Amino acid sequence: MIDPIVEMRNFRTHLPDLDGKVILVTGGTGSFGQRFVKQVLDIARPKKLIVFSRDEQKQYEMEQALSTDRYESIRYFLGDVRDQPRLEQAMRGVDYVVHAAAMKIVPSAEYNPQECVATNILGAQNIVNAAISQGVKRLINLSTDKAVNPINLYGATKLAAEKIFTAANSLAGRNGTRFATVRYGNVIGSRGSVVPLFKRLVAEGRDSLPITDERMTRFWITLDQGVDFVLSSLELMAGGEVFVPKIPSMRMVDLTKAMAPGTPLKIIGIRPGEKLHEVLVVQDEARFTIELKDRFVIVPEHITQAGSNVSGKRVSEEFSYISNTNSEWLTSDALSDLVVNY
Ligand SMILES: NC(=O)c1ccc[n+]([C@@H]2O[C@H](COP(=O)([O-])OP(=O)(O)OC[C@H]3O[C@@H](n4cnc5c(N)ncnc54)[C@H](OP(=O)(O)O)[C@@H]3O)[C@@H](O)[C@H]2O)c1
């Protein structure tokens, strides 16, 4: 059974001082980006907070929704991460970048591989080049458990982006720009995720809920926790790390029980590119992994030698962090409380 503290684990330790800083978030109109903007402006007074994304309508709607004085430091910047010169314009004078823009729907990536590669891989490369040329201080890349031992193109492109970010620290050299990644599991209630889907099906009065496999498990994190985790990793990073939060797992069947008690399940089978369980740290990464109270940090060898900003104990060589063998679980009751707000 899960300790309630685990559900509520907050990563608000080590928050960076963002007062007077210029921050840019790619994908700023997405689920993560919008919450990021609100949370940053709750805790700090940055000089500018730049929302970088393609669709003017989404930016317009966000601007309308956030039209009070509190949000006056936000700048809306239209651009595509595939366009390096545009990124260079956007990054002039920027201190910190959080890179959240991505194509993330697994079947879309499978059917449109070139599009996914262009956004997730070439986009990451453009971010790195633009950031180094503009002298950005620190960048955090958002990654996913699907990047570990990937079996779909989405995961493979996110793995490539992780590698591009880690290697960028050597590219930057004396320029001093530093790059790191955070890698986490499913975000409760984010755009295109299972909670809004189940909510719609329940509202439509469906007599059953689709589930791929009764054994399926996933890591779960809330949007607020995701934002706090990114901010604290921005503060802790020395460059090249992959930060992994300690978060609970849930069983898909428990989620259906929480959202629609008594509704029968319709087993539809695992879809192409889907795993039964997700992995956040694979055993082969164990020898580079340090455990802190609230997170694991996969530290590349060159940083271990040069000195890292994190100190903790090394995990055992047999260690792996997988959703079905996690020690922390969300019960149906805990899930009911969590999904009620989404
Ligand atoms: N949601 C999850 O469960 C989850 C879990 C782990 C990691 N992540 C990672 O977290 C990040 C954010 O996810 P999210 O849930 O916030 O996604 P989201 O809601 O789909 O938002 C994606 C954002 O990226 C922008 N975007 C897409 N393509 C772009 C491009 N070529 N150039 C510039 N902007 C672009 C979108 O705006 P426009 O379409 O207007 O450009 C939107 O603002 C992603 O990197 C994802 O891989 C998500």
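Procedures and definitions
- Throughout, residues of each chain are indexed from 1 in the direction in which the sequence is written.
- In view of the model being predicted, local features appear only for residues whose pLDDT reaches at least 70, and side-chain atom pairs are presented and counted only at 80 or more, with totals across whole chains, interfaces and linings using the full set of residues.
- With hydrogens and water excluded, all non-hydrogen atoms of the structure serve as input to the side-chain values.
- In this description a helix means any DSSP run of H or I spanning at least four residues, a strand means any run of E spanning at least two, and both kinds are numbered starting from the N terminus.
- Every radius of gyration here is taken over C-alpha atoms, with the globule rule written as 2.2 Å times N^0.38, N being the number of residues.
- Buried, partly exposed and exposed residues are distinguished by accessible area as a fraction of the type maximum, computed with a 1.4 Å probe on protein chains only: under 20%, between the cut-offs, and over 50%, respectively.
- In what follows, a contact means two residues having at least one pair of non-hydrogen atoms within 4.5 Å.
- All accessibility values rest on the Shrake-Rupley procedure with a 1.4 Å probe; residue burial counts only the protein chains present in the view.
- Charge assignment: positive for Lys and Arg, negative for Asp and Glu; neither His nor the chain ends contribute.
- Where a charge sits is defined by one atom per residue type, namely NZ (Lys), CZ (Arg), CG (Asp) or CD (Glu).
- A residue's pLDDT is simply how confident the predictor is in it, with values from 0 to 100.
- For every element, the axis is a line fit to its C-alpha atoms; helices are fit only across the contacting stretch, and the angle between N-to-C directions ranges from 0 to 180 degrees.
- Reported orientations rely on four angle classes, namely roughly parallel under 35 degrees, roughly antiparallel over 145, roughly perpendicular from 65 to 115, and oblique for the rest.
- Two helices crossing with the near one rotated counterclockwise from the far one by less than a right angle form a left-handed crossing, whereas a clockwise rotation gives a right-handed crossing.
- Charged means Asp, Glu, Lys or Arg here, nonpolar means Ala, Val, Leu, Ile, Met, Phe, Trp, Tyr, Cys or Pro, and polar covers whatever is left, Gly included.
- By this definition, two strands are paired if DSSP reports at least two bridges between them.
- The rule for a residue being near a molecule or strand is that one of its heavy atoms must lie within 4 Å of it.
- A 3.5 Å cut-off defines polar contacts: any pair of N or O atoms within that distance qualifies, except that in protein one atom must be a possible hydrogen donor and the other a possible acceptor, and neighbouring residues in sequence count only when both atoms are side-chain atoms.
- Multiplying 1.5 Å by the residue count of a helix minus one yields the expected span of that helix.

Re the overall build of the chain
Then, in step 1: Helix and strand counts for the chain stand at 12 helices and 17 strands.
Then, in step 2: In terms of overall dimensions, the chain is globule-like: its C-alpha atoms have a radius of gyration of 20 Å, near the 20 Å expected for 342 residues.
Then, in step 3: With the C-alpha coordinates of the chain rotated into their principal frame, the extents come out at 60 × 50 × 40 Å.
Then, in step 4: By the burial criterion, 53% of the 342 residues in the chain qualify as buried.
Then, in step 5: Once local pairs closer than 6 in sequence are excluded, the contacts in the chain between residues at least 24 apart make up 82%.
Then, in step 6: For the chain, the computed accessible surface area is about 15,500 Å², with 49% contributed by carbon and sulfur atoms.
Then, in step 7: A distance of 3 Å separates the average location of the 41 positive side-chain charges in the chain from that of its 40 negative side-chain charges.

So, the confidence of the model for the chain
Then, in step 1: Per-chain confidence: the chain averages 93 in pLDDT, with 96% of residues scoring 70 or above.
Then, in step 2: No element of the chain has a lower mean pLDDT than helix α1 (residues 4-7), which averages 46, and none a higher one than strand β1 (residues 22-26), which averages 99.
Then, in step 3: Note that pLDDT drops below 50 for residues 1-7; the model gives that stretch 12 contacts with residues more than four away or on any other chain.

Looking at the packing of helix α6 (residues 113-134) against helix α7 (residues 153-172)
Then, in step 1: Two elements in contact, α6 and α7, have axes separated by 9 Å at closest approach and are oriented at 15°. When the axes of α6 and α7 are compared, the pair comes out roughly parallel. As for the relative orientation of α6 and α7, their crossing is right-handed in sense. Residues P113, C116, V117, N120, I121, A124, Q125, I127, V128 and I132 of α6 form the contact with α7, whose participating residues are L153, Y154, T157, K158, A160, A161, I164, F165, A168, L171 and A172.
Then, in step 2: Looking at side-chain class alone, the contact of α6 with α7 contains 17 nonpolar, three polar and one charged residues.

Some points on the sheet that holds strand β11 (residues 249-251)
Then, in step 1: An order of β7-β9-β11 is seen for the three strands of this open sheet, with the pairing classed as mixed. Looking along the sheet, the strands with just one partner apiece sit at the ends: β7 (186-187) and β11.
Then, in step 2: Of the strand pairs in this sheet, β7 and strand β9 (residues 217-221) are connected by two bridges, and their pairing is parallel. Residue pairing across strands places N186 opposite W220, the latter belonging to β9.

Some words on the site of the ligand
Then, in step 1: Within the structure, the ligand sits among 28 residues, and T29, K58, K104, Y154 and K158 are positioned closest to it.
Then, in step 2: Contact distances for the ligand include 3.0 Å between an oxygen atom and a backbone N or O atom of A100.
Then, in step 3: Note that an oxygen atom of the ligand is positioned 2.8 Å from one of the side-chain N or O atoms of R191.
Then, in step 4: The fraction of the free accessible surface of the ligand (900 Å²) that becomes covered by protein chains is 94%.

Considering unusual backbone geometry
Then, in step 1: The backbone phi angle of H14 is positive, close to 55°, even though this residue is not glycine.
Then, in step 2: Of note, H14 is situated in the loop between α1 and β1.
Then, in step 3: Accessibility expressed as a relative area gives 45% for H14, which makes it partly exposed.
Then, in step 4: One non-glycine residue, N149, lies in the positive phi region at around 45°.
Then, in step 5: Along the chain, N149 turns up in the loop between β5 (138-144) and α7.

Here we look at the sheet that holds strand β4 (residues 96-99)
Then, in step 1: An order of β3-β2-β1-β4-β5-β6-β10-β15-β14-β16 is seen for the 10 strands of this open sheet, with the pairing classed as mixed. Two strands bound the open sheet, and with one partner strand each, they are β3 (74-78) and β16 (313-314).
Then, in step 2: Bridging between β5 and strand β6 (residues 178-184) involves seven bridges; their strand directions are parallel. Within the sheet, the bridge partner assigned to L142 lies in β6 and is V182.
Then, in step 3: On the sheet, α7 packs against β4, β5, β6 and β10 (242-245) and is oriented at approximately 160° with respect to β5.

Things to note about the environment of I290
Then, in step 1: The residue I290 is located in strand β14 (residues 289-291) in this model.
Then, in step 2: Placed 114 residues apart in sequence, I290 and G176 show a C-alpha to C-alpha distance of 24 Å.
Then, in step 3: Setting aside its immediate chain neighbours within four residues, I290 contacts R295, F296, V297, V299, V310, S311, G312, K313 and R314.

Points about helix α2 (residues 31-43)
Then, in step 1: For α2, spanning 13 residues, the distance from its first C-alpha to its last is 19 Å, which sits close to the expected 18 Å at 1.5 Å a residue.
Then, in step 2: Within α2, the full set of buried residues consists of F32, G33, F36, V37, Q39, V40 and L41.

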